[in-house]
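A closer look at the structure
Chain by chain, the residues run as shown.
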Amino acid sequence: MPRASAVGLVVNGESRSVEVEPRTLLVHALRDGFGLTGAHIGCDTSQCGTCTVLVDGRAVKSCTMLAVQAEGCDVTTIEGLARDGVQDPIQRAFVEQHGLQCGFCTPGMILTASDLLSRVPDPDDATIRRALKGNFCRCTGYQSIVDSVRVAAATLREGSAA
Amino acid sequence: MIPAAVEHIRPSTLDEALEALGDPDAKALAGGQSLLPVMKLRIVRPSVLVDIGRLELGGVRLMNDELRIGALTTWDELESAPELQRPSFAAIAECAAEIGDLQVRNRGTLGGSLAHADPASDMGAVALALGAHLTLRAAGAERALSAEELFLGPFTTALAPGELITEVVLPLVEGSGSAYEKVEHPASGFALAGAAACVTAEGRQRVAVTGVGAHAFLLPLDADPLDALAEAEIYGDRFAPAEYRRHVAGVVAGRALDRARKRAKEAT
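**Comments concerning the interface of chain B and chain A**
If you look at the interface, chain B gives 21 residues, while chain A gives 25 residues. No other element matches the 5 residues that helix α5 (residues 102-107) of chain B contributes to the side of chain B that touches chain A. Class assignment of the residues belonging to the side of chain B that touches chain A gives a composition of 10 nonpolar, 7 polar and 4 charged.

Put into structure tokens, the structure is as follows:
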């Protein structure tokens, strides 16, 4: 039986270590090891995207990655987006544009949007919808989520221009 | 769902990885986007995962008259590789862009997908239409295998135990154009029917289809796709019966050929 061993990674900017078995999924290491329960487990079959986190800046489904695969990587969960208690512009846009109802899909939506906006600062709606294909929402009908990402993009562009 | 207990090793060189893959109960782990889901379902229970994910086996290089793509190149990297904007290889980039979703494309790799051999995988058809060869490595051995020789059945390939796809090599046919088209299952995103086409400056054509049989397969060269598909053994399931899939395969093959021809004209 393979034993648990310590895996070191940078979580939300802080060097951390967690004892995991090789088979431990990243989402379980984040939730059970670090108490970062913002990475939700929805479908657990790589479909719904609510477990999405950023690994080295790229959106990945943390239910489809082993914790050991993330060793040495920079992992960002929804808890790591706010700075000094101030929401990230994408979080703020989701609140202001009613981009969530029950909120279960929201961490994944926001982190996937973060990956998109880091590469495409001014996406059109088709680009936003394509990027969010792997994130399911059962409440909103998506339009308000697309609106949120578009507004967040504008805010981020203003921020980088200032 | 949690995979069955497994060991994990991360060799620092390809040779070490190949040696570890000599263990018949070992599995190579690249991006994990196909392997981890089947391990979570415990359909696959390797005793050891040989994590090749950090080996230097990625990247797209155009050398002389060949395009060489490292097996660990992700869909995301293929989608944006400048070499794949050329008309000859455009099918690769547009196929990669339609695979799975952003998260899957960030992790999933070309070699992993070909080795997994899902009967509805998109890239199998593209590899066939573009006349790809695979470089296979095993401990102390190397051989080349054509894409046509690779697929034997659903999730079954001609890879010998311990063999690893390290590179996909495609001939550069000057003046050719290629395209990929699919109609996807609305829930899974996999191809109900997909077709890749490659047309040369002289009008020779290669068309391969996926999602409609035991594995992606090449239609007879230069054949009318509709005639060829009428003769082909097509699978059906509860989502799409065989005759519907045959029809859709003909439609996507026609669209792919049209766009490949246009691209071939642009190239000349």
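What follows continues from the structure just given.
**Some words on the sheet that holds strand β1 (residues 7-9) of chain B**
Strand pairing within a sheet occurs via backbone hydrogen bonds; the two strands may be parallel or antiparallel. Residue and element names in this part refer to chain B. Taken together, 3 strands build an open sheet; the order of strands is β1-β3-β2 and the sheet is parallel. On the outer flanks of this sheet lie β1 and β2 (26-29), each paired with one strand and no other. With strand direction ignored, the average angle separating the axes of adjacent strands in the sheet is 25°. Pairing between β2 and strand β3 (residues 48-51): 4 bridges, direction parallel. Counterpart to Ala26 in the pairing with β3 is Val48.

**As for unusual backbone geometry**
For Asp84 of chain A, which is not glycine, the phi torsion reads 50° and is therefore positive. Tracing the backbone shows Asp84 of chain A in the loop between β5 (74-76) and α2 (89-96). Asp84 of chain A sits in the exposed class, given 4 other C-beta atoms within 10 Å. Phi at Ala117 of chain B is positive, roughly 55°, even though this residue is not glycine. Along the chain, Ala117 of chain B turns up in the loop between α6 (110-116) and α7 (122-129). Overall, Ala117 of chain B belongs to the buried group, with 22 C-beta atoms counted inside 10 Å.

**What to know about the sheet that holds strand β12 (residues 191-199) of chain B**
Residues and elements named next belong to chain B. Taken in spatial order, the 4 strands line up as β11-β12-β13-β14 in an open sheet, and their pairing is antiparallel. What marks the edges here is a single partner per strand, and that holds for β11 (177-184) and β14 (217-218). Two strands pair when backbone bridges link them, and β12 and strand β13 (residues 205-210) are joined in this way by 6 bridges, in the antiparallel orientation. Looking at β13, one finds that Ala196 is bridged to Ala208. Relative to the sheet, α7 contacts β11, β12, β13 and β14, its axis offset from that of β12 by approximately 20°. Its contacts with the sheet put helix α10 (residues 242-267) on β11, β12 and β13, and the angle it makes with β12 is roughly 30°.

Basis of the calculations
- Residues numbered from 1 in each chain as written.
- Chains lettered and ligands numbered in written order.
- Predicted model: local features only at pLDDT ≥ 70, side-chain atom pairs only at ≥ 80, totals over all residues.
- Contact = placed C-beta atoms within 7 Å.
- Helix = DSSP H or I, 4+ residues; strand = E, 2+ residues; numbered from the N terminus.
- Nonpolar A, V, L, I, M, F, W, Y, C, P; charged D, E, K, R; others polar.
- Pairing = 2+ DSSP bridges.
- Axes fitted to C-alpha atoms, helices over the stretch in contact; angles between N-to-C directions.
- Buried ≥ 20, exposed ≤ 12 C-beta atoms within 10 Å, placed from the backbone.

This is a description of form; function is not addressed.
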